[in-house]
Each structure stands twice: as C-alpha cells, then as structure tokens.
Amino acid sequence: MTARERREQLLTVGRALFAEKGFEGTSVEEIASRADVSKPVVYEHFGGKEGMYAVIVDREVEALLGALTGALAQKAHPRQLVERAALALLGYIEDSPDGFRILARDSPVAQASGTFSSLLGDVSAQVEGLLAEQFRKRGLDPVVAPVYSQMLVGMVALAGQHWADVREPSKQVVAAHLVNLAWNGLSSLERRPGLPSD
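Residues numbered from 1 in each chain as written. Predicted model: local features only at pLDDT ≥ 70, side-chain atom pairs only at ≥ 80, totals over all residues. Heavy atoms only, no water.

With that settled, consider the overall build of the chain. Counting secondary structure elements, the chain contains nine helices and zero strands. Starting at the N terminus and walking to the C terminus, you meet the elements of the chain as α-α-α-α-α-α-α-α-α. Dimensions of the chain, computed from C-alpha atoms along their principal axes, come out at roughly 65 × 35 × 30 Å. Within the chain, the proportion of its 198 residues that are buried is 41%. The long-range share in the chain, meaning contacts at least 24 apart out of those at least 6 apart in sequence, stands at 65%. Split by element, the accessible area of the chain, about 10800 Å² in all, is 53% carbon and sulfur. Measuring between centres, the 21 positive side-chain charges of the chain sit 5 Å from its 25 negative side-chain charges. (Helix = DSSP H or I, 4+ residues; strand = E, 2+ residues; numbered from the N terminus. Buried < 20%, exposed > 50% of the residue type's maximum accessible area, 1.4 Å probe, protein only. Contact = heavy atoms within 4.5 Å. Areas by Shrake-Rupley, 256 points an atom, 1.4 Å probe, with all protein chains shown as cover. Lys, Arg positive; Asp, Glu negative; His and termini not counted. Charge placed at Lys NZ, Arg CZ, Asp CG, Glu CD.)

Written out as structure tokens, the structure reads:
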C-alpha cells in the first residue's frame with residue numbers, strides 16, 4: 001500500500017471503531033490490530049488516536065455542514081427550505097450512520113469548532129438570517145429570530161438523533177412531520193406571544 005492508501009485504510013478502520021465504541025472505548029492497539037499493522041504505523045500517520053479522531057470528525061463535519069448549507073443556500077419558499085434542511089440531515093444520517101454516531105457523541109477531544117453542537121450553531125446562524133428576513137416581511141420582531149432558529153434547528157437535530165436509532169418511519173415521513181410542525185408553528189406566530197397566566 002502507498003502511504004496515502006494506508007492512511008485512508010486506517011481512517012476507515014478508526015471511523016468504524018469510534019462509531020461502535022466511542023473515543024474512550026477505542027485504543028490504538030485495536031485500530032492497529034483491525035488494520036493489520038503495528039501500533040507505530042498508526043502513530044506515524046496520526047500521532048495517536050486523538051489525531052486520527054480529529055481528522056475523522058473534521059471530515060464528517062465538512063460533509064454534514066456541506067449538505068445542510070447546500071439545502072439552505074438555494075432560493076426557495078421558506079417551507080421548502082425547512083423541508084430541504086430536514087431531508088439533508090436525515091439523508092446524511094442514512095448515508096453515513098457511523099459518521100453521525102461519531103458527531104452526535106460530541107467527544108471532548110474534538111476541537112470546539114468540530115463538534116455536533118458547534119455545527120448546529122453554524123447552521124442556526126444561517127437559519128437565523130433567513131428567519132429574520134421572513135419575520136420582517138410579516139411584521140414580526142426580527143430580534144427574536146436567533147431564539148427561533150435555535151428552536152427550529154434543535155427540533156430537527158433531536159428528531160434526527162432519534163431517527164438514527166429507530167429508522168422508522170421513513171425519512172420522507174419524518175421530514176414531512178418535521179415540516180408540518182415547524183411550518184404550521186411558524187406560519188401562525190403571534191406578534192406578541194404571552195403565557196396564559198400573564
């Protein structure tokens with residue numbers, strides 16, 4: 001194998017182990033054994049499991065953020081944007097279950113910019129801009145757009161985490177229900193919401 005092929009092989013093995021056992025449950029010895037190499041080969045390529053894990057997390061963050069950003073970047077009706085974002089997340093989970101397990105675990109060794117929560121923060125910032133624009137158009141206060149973007153992204157992310165484990169109903173059905181709840185809630189927002197006890 002070339003050095004590049006060996007590196008990719010190690011990343012594939014490491015990714016599967018981190019998804020299965022988590023960062024703490026995975027050892028350099030086990031990575032080396034599954035890849036049929038010696039421990040020094042792992043250290044040579046990554047400096048240890050921390051370095052390998054960081055590369056894997058960076059790749060997964062890039063893939064998921066790319067899918068979500070692509071879904072939100074296109075001009076479309078806001079309801080379609082919610083649908084596209086939900087389908088992008090569920091599609092990533094379906095196509096990359098190991099990657100999603102690694103991201104959703106949010107291991108403390110991941111860089112602050114490479115965690116699932118920071119990725120959701122990036123997506124929330126994009127959603128915030130879209131919501132603020134829509135709030136202005138509808139005569140609603142755009143100052144609260146950050147709160148609504150966190151709620152919307154959090155709802156989709158938690159539903160995605162649940163779906164990653166159960167895989168039913170289909171991703172299209174889950175996305176349709178997410179859009180139903182999100183869109184019907186957003187389309188009926190009150191200008192000055194209050195609690196019944198107020």
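Next comes the rest of the description.
Turning next to the layout of surface pockets. In this structure, the largest pocket occupies an estimated 180 Å³ of space. For the lining of the largest pocket, the secondary structure elements donating two or more residues are helix 4 (49-73), helix 5 (78-95) and helix 7 (116-137). Here the lining of the largest pocket gets four residues from one element, more than from any other, and that element is helix 7. Classifying every residue of the lining of the largest pocket gives six nonpolar, two polar and three charged. (1 Å grid on protein atoms, 1.4 Å probe; cavity = no way out; pocket = protein on both sides within 12 Å on 5 of 7 lines; lining within 4 Å. Points joined across faces, edges and corners; volume = space filled by probe spheres on them. Nonpolar A, V, L, I, M, F, W, Y, C, P; charged D, E, K, R; others polar.)

For the pair helix 5 and helix 6 (residues 97-105), the least separation of the axes is 5 Å and the interaxial angle reads 110 degrees. Taken as axis vectors, helix 5 and helix 6 run roughly perpendicular relative to one another. Along its contact with helix 5, which presents L89, Y92, I93, E94 and D95, the element helix 6 presents P97, G99, F100 and L103. Per-class residue counts for the contact of helix 5 with helix 6 are six nonpolar, one polar and two charged. (Axes fitted to C-alpha atoms, helices over the stretch in contact; angles between N-to-C directions. Parallel < 35°, antiparallel > 145°, perpendicular 65-115°, else oblique.)

On to the confidence of the model for the chain, then. This prediction gives the chain a mean pLDDT of 88; 94% of its residues lie at or above 70. Confidence drops under a pLDDT of 50 for residues 107-112, and excluding neighbours within four residues, the segment shows eight contacts in the predicted structure. (pLDDT = per-residue confidence, 0-100.)

With that settled, the discussion passes to the pattern of salt bridges. One pass over the full model with this rule turns up nine salt bridges. One salt bridge in this structure joins E8 and R59, with 2.7 Å as the shortest N-O distance. With a gap of 51 residues between them, E8 in helix 1 (residues 3-21) and R59 in helix 4 connect regions that are remote in the sequence. Judged by its relative accessible area of 31%, E8 falls in the partly exposed class. Judged by its relative accessible area of 40%, R59 is partly exposed. Between E29 and K39 there is a salt bridge, with its nearest N and O atoms 3.0 Å apart. On the criterion of sequence distance, the pair formed by E29 in helix 2 (residues 28-35) and K39 in helix 3 (residues 39-46) is long-range, its members being ten residues apart. You can call E29 partly exposed: its relative accessible area is 43%. Linked by salt bridges that have partners in common, E20, K21, E30 and R34 make up one network. (Salt bridge = Lys/Arg side-chain N within 4 Å of Asp/Glu carboxyl O.)

This part is about the UniProt feature "DNA-binding region" (unreviewed entry) in the chain. As annotated in UniProt, the feature "DNA-binding region" (unreviewed entry) corresponds to residues 27-46 in the numbering used here. Taken end to end, residues 27-46 is 80% helix and 0% strand, and its first and last C-alpha atoms sit 13 Å apart. (UniProt positions renumbered as here; feature names shortened; annotations may be inferred.)

So, on to the packing of aromatic side chains. The geometry of an aromatic ring pair comes down to the distance between the two centres and the angle between the two planes. Taken as a whole and judged by the stated rule, the model has five aromatic pairs. For the pair F23 and Y53, a centre-to-centre distance of 5.1 Å together with 70 degrees between the ring planes defines the contact as edge-to-face. Of the two residues, F23 sits in the loop between helix 1 and helix 2 while Y53 sits in helix 4, which places them 30 residues apart along the sequence. The same class applies to F23 and to Y53, which are both buried. For the ring pair F135 and Y148, a centre distance of 5.4 Å and an interplane angle of 80 degrees mean the geometry is edge-to-face. (Phe/Tyr/Trp six-rings, centres within 6.5 Å; stacked < 30°, edge-to-face > 60°.)

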